[in-house]
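Fold and geometry: a report
Listed below are the residues making up each chain.
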Amino acid sequence: MPFRCLMATKGNPGDHRSRRSLSIAVAAGLCFFFYVLGVWKKSGFGKGDSIALEITNRKDCSVLNNLNYETSGDGGMLDGSDSEVKDVKPCEAKYTDYTPCHDQMRAMTFPRDNMAYRERHCPPEEEKLHCLIPAPKGYATPFPWPKSRDYVPYANAPYKSLTVEKAVQNWIQYEGNVFRFPGGGTQFPHGADAYINQLASVIPMDNGIVRTALDTGCGVASWGAYLFKKNVIAMSFAPRDSHEAQVQFALERGVPATIGVLGTIKLPYPSRAFDMAHCSRCLIPWGANGGMYMMEVDRVLRPGGYWVLSGPPINWRIDYQAWQRPKEELEEEQKKIEDVAKLLCWEKKQEIGEIAIWQKRINKDSCPWQDNQSTSCQSINSDDVWYKRMEACVTPYPDSNGAWRPFPERLYAVPSRISSGSIPGISVEAYLEDNRTWKKHVNGYKRTNKIIDSGRYRNIMDMNAGMGGFAAALESPKLWVMNVMPTIAEKDTLGVIYERGLIGIYHDWCEAFSTYPRTYDLIHANSVFSLYKDKCSMEDILLEMDRILRPEGTVIVRDQLDLLIKVKRVVGGMRWNTKLVDHEDGPLVPEKMLFAVKQYWVVEEDQNNTSS
């Protein structure tokens, strides 16, 4: 829906804008008229674009006059704090795609060995930008899923190099004012569907057994995009940027992805997380460094999980000339991979053409020699990964594995990490109560924001995910949730989230997230500011939320009232429209909610305003 137009149709009682309600209503009607004709200026292409643009500009549709949320309470509890609002200035236009911890200029100052320069390197305090990252001129709300899988507005990521570099591989095509993604890839010239069906002849993707996947070196994430058809959700990652804007394109398409690389630091995922891992010509030297990268994949792969490698060196005997590489070199490369796979106790299930599939053994009893290997990791906690160096060692199997339940049954089944008591302080009853609580919370959100599960929000982030109750209560094919486990959280439950068939990542919110600007439609922040109180700046966290939030995206902050008052004061200068709402159980509960919508503005509009 044309969100910013429809939300401008009513004014709150006493709001000075209510005197313009009639003209705004007329404007909204015109906006909606052009929307249903398919010429809404932010949702595609057609001859009516210029007319719609003129009407919407003339009628002030681009202003979020009011949130129009129904509140359960007064919300007027701010004690004059609005008078202390300090405007946050916009950044320069050159920062529209700024990724603080993956800045290209800073990256070039780090060693090239093992891709260290492509890893996270965050700016020191004195180099942080304290300004709002602008959207590029002509920024458009992404198409709703599933259309977004195939089409991205050119203005959102105006980079054409991939259309030239990957022209013969059918990754991406430029058509008018949109990019089209045909679903091709270097290793699947017949399309992602055909490639995935070939894998599914060996890997059980159609019965819910395989639910979570990891795609290393994902390109524009077409593999992950088409896996949604099989109800499989992939965490895709690629460095910034061996190919221009690949992760940005993935997120614009509505596919989970982060900026990342297999380098010198462990992946930000818990052990035994993924049902399947995948590399399609991802250019990772799997046999190098004593097999360290395969060992890291083994760490995050669940017992019984699958590893897919397609492309060099598989099928080297046939393809070495086409790859323009010496036959002996490729032969040695595959031998190293086979040797590491044997050490890891992986069973090769199939090798056909350029695709090889291995399966990790289901438990330690099926791999008796591993316990005696000198390569066994000595670390007590295999989930302690944040900025920890990757090791060439084998992660031991757990003492016991829970039943590998199919999805969606596993979404609410008690995870084995909880039933086994491996997370101190979290009982089965606490888990079940958490689920009940989040069902109630999400129902409350839906009463306040009636479009939360309408398809308006595709890319959703939970900044402090706990056991994944928020994401589980929202579960829908229309959306996906990036569940973030703060590294300072008292209890690490990210493994529980993966056992439920959801995805997530470790992160410290005192630093920037590994993503491009404008990549999330809705951000949920439960007790984030209580957690980070006295740890780092609230303003920095809010600026980072603004950076990764799309124009007209929504934020739900759930926290204590005193902190929400401070948050409201800061975002009052950040072009967010806000509404304070009581707890679902009534106004006497000290925990409240702050709903916010980021206004639509782009770099050209702001520069015009500041120069006037």
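Here, the structure is the one placed above.
For clarity, every value in this text was computed on a predicted model and none was experimentally measured. (Residues numbered from 1 in each chain as written. Predicted model: local features only at pLDDT ≥ 70, side-chain atom pairs only at ≥ 80, totals over all residues. Heavy atoms only, no water.)

**Topic: the pattern of salt bridges**
- Under the counting rule described, the total for this entry stands at 37 salt bridges.
- Among the ionic pairs, Lys440 bridges to Asp585, the shortest N-O distance being 2.9 Å. Separated by 145 residues along the polypeptide, Lys440 in helix 14 (residues 428–448) and Asp585 in the loop between strand 16 (576–581) and strand 17 (591–598) bring together distant segments of the chain. (Salt bridge = Lys/Arg side-chain N within 4 Å of Asp/Glu carboxyl O. Helix = DSSP H or I, 4+ residues; strand = E, 2+ residues; numbered from the N terminus.)

**Here's the deal with the sheet that holds strand 1 (residues 151–153)**
- In space, the 3 strands of this open sheet follow the order 1-3-2, with antiparallel pairing throughout. Because the sheet does not close on itself, it has two edges, and the strands there are strand 1 and strand 2 (173–175). When strand polarity is set aside, the average angle formed by the axes of neighbouring strands in this sheet is 30°.
- Two elements, strand 1 and strand 3 (residues 178–180), share 3 bridges in a ladder whose sense is antiparallel. Residue pairing for strand 3: Tyr151 is matched across the bridge by Arg180. (Pairing = 2+ DSSP bridges. Axes fitted to C-alpha atoms, helices over the stretch in contact; angles between N-to-C directions.)

**What to know about the nonpolar core**
- Within the largest apolar cluster, 132 residues are counted, with the highest numbers of intra-cluster contacts made by Trp223, Tyr269, Trp286, Trp307, Leu542 and Met545.
- Setting aside chain neighbours within four positions, we find Trp223 in contact with Phe188, Tyr195, Ile196, Leu199, Ala213, Leu214, Asp215, Ala234, Met276 and His278.
- One finds Ala157, Phe179, Val220 and Ala245 within the second-largest nonpolar core, a separate group that totals 9 residues. (Core = buried A, V, L, I, M, F, W, Y, C linked by side-chain atoms within 4.5 Å. Buried < 20%, exposed > 50% of the residue type's maximum accessible area, 1.4 Å probe, protein only. Contact = heavy atoms within 4.5 Å.)

**Observations regarding the sheet that holds strand 16**
- What the 7 strands build is an open sheet, ordered 13-12-11-14-15-17-16; its pairing is mixed. A strand with exactly one partner marks an edge of an open sheet, and here the two such strands are strand 13 (503–507) and strand 16. Going from strand to strand, the sheet's axes swing by 20° on average, the running direction of each strand aside.
- In this structure, strand 15 (residues 549–560) lies alongside strand 17, joined through 7 bridges in antiparallel fashion. From the neighbouring strand, Ile556 faces strand 17, where its bridge partner is Phe595.

**What to know about helix 12 (residues 327–343)**
- In this model, helix 12 (17 residues) spans 25 Å end to end at C-alpha, consistent with the 24 Å of a helix rising 1.5 Å per residue.
- The set of residues buried in helix 12 consists of Leu330, Gln334, Ile337, Val340, Ala341 and Leu343.
- Lining the buried residues of helix 12 we find helix 10 (292–300), strand 8 (301–310), helix 11 (316–323), strand 9 (346–352) and strand 10 (355–360).
- Looking one or two residues beyond helix 12, the residue adopting positive phi is Cys345, at roughly 70°. (Expected span 1.5 Å × (residues − 1).)

**Focus on unusual backbone geometry**
- Note that the residue after Trp145, namely Pro146, is joined by a cis bond; omega there is 10°.
- Considering the arrangement of structural elements, one finds Pro146 in the loop between helix 4 (104–107) and helix 5 (147–150).
- Residue Pro313 is reached from Pro312 by a cis peptide bond, and omega for that bond is 5°.
- The topology assignment puts Pro313 in the loop between strand 8 and helix 11.
- Within the chain, Ala221 stands out as a residue other than glycine whose phi angle is a positive 65°.
- Given the relative accessible area of 0%, Ala221 is considered buried.
- Residues other than glycine seldom take positive phi values, yet Tyr387 does so here, at roughly 60°.
- Within the secondary structure, Tyr387 is located in the loop between strand 10 and helix 13 (416–419).
- Exposure remark for Tyr387: the relative accessible area of 35% places this residue in the partly exposed category.

**Examining the environment of Pro303**
- Locating Pro303 in the fold gives a position in strand 8.
- With relative accessibility at 7%, the residue Pro303 sits in the buried group.
- For the pair Pro303 and Ala273, spaced 30 residues apart in sequence, the C-alpha to C-alpha distance is 9.5 Å.

**Some details on the packing of aromatic side chains**
- As enumerated under the stated definition, the model contains 19 aromatic pairs in all.
- Note on Trp145 and Phe228: the rings are 5.4 Å apart at their centroids and 70° apart in plane angle, and the pair reads as edge-to-face. With Trp145 in the loop between helix 4 and helix 5 and Phe228 in the loop between helix 8 (222–227) and strand 5 (233–238), this pair connects stretches of sequence that are 83 residues apart.
- Aromatic ring contacts, followed pair by pair, group Tyr154, Tyr174, Phe179, Phe181 and Phe249 into a single cluster.
- When the ring centre of Tyr397 is taken as origin, the NZ or CZ atom of Lys360, which lies over that ring, is 5.4 Å away.
- Lying over the aromatic face of Trp601, Arg575 brings its terminal NZ or CZ to 4.1 Å of the ring centre. (Phe/Tyr/Trp six-rings, centres within 6.5 Å; stacked < 30°, edge-to-face > 60°. Lys NZ or Arg CZ within 6 Å of the ring centre and 35° of its normal.)

**Details of the state of the cysteines**
- A complete count under the given rule lists 5 disulfides for this structure.
- Covalently, Cys377 is tied to Cys393 through a disulfide, its sulfur atoms 2.0 Å apart. One disulfide, between Cys377 and Cys393, carries an S-S torsion of 90° and so falls in the right-handed class. Highlighted residues: Cys377 in the loop between strand 10 and helix 13 and Cys393 in the loop between strand 10 and helix 13, separated in sequence by 16 residues. (Disulfide = S-S within 2.5 Å.)

**Digging into the packing of helix 18 (residues 538–548) against helix 19 (residues 561–571)**
- In contact at an axis separation of 10 Å, helix 18 and helix 19 are set at 60° when each is read in the N-to-C sense. Between helix 18 and helix 19, the angle is such that the two are oblique. For helix 18 against helix 19, the interelement crossing comes out right-handed. On helix 19, the residues touching Met538, Glu539 and Leu542 of helix 18 are Leu563, Lys566, Val567, Val570 and Val571.
- Considered class by class, the residues forming the contact of helix 18 with helix 19 number 6 nonpolar, no polar and 2 charged. (Parallel < 35°, antiparallel > 145°, perpendicular 65-115°, else oblique. Left-handed = near helix turned anticlockwise from the far one by under 90°. Nonpolar A, V, L, I, M, F, W, Y, C, P; charged D, E, K, R; others polar.)

**Focus: the environment of Arg410**
- If you trace the backbone, Arg410 turns up in the loop between strand 10 and helix 13.
- With sequence-adjacent residues up to four places away left out, Arg410 is seen in contact with Gly208, Ile209, Arg211, Asp275, Arg302, Trp404, Arg405, Tyr498, Glu499, Arg500 and Gly501.
- A polar contact is formed between the side chain of Arg410 and the backbone oxygen of Arg405, at a distance of 2.9 Å. (Polar contact = N/O pair within 3.5 Å; in protein donor to acceptor, adjacent residues only side chain to side chain.)

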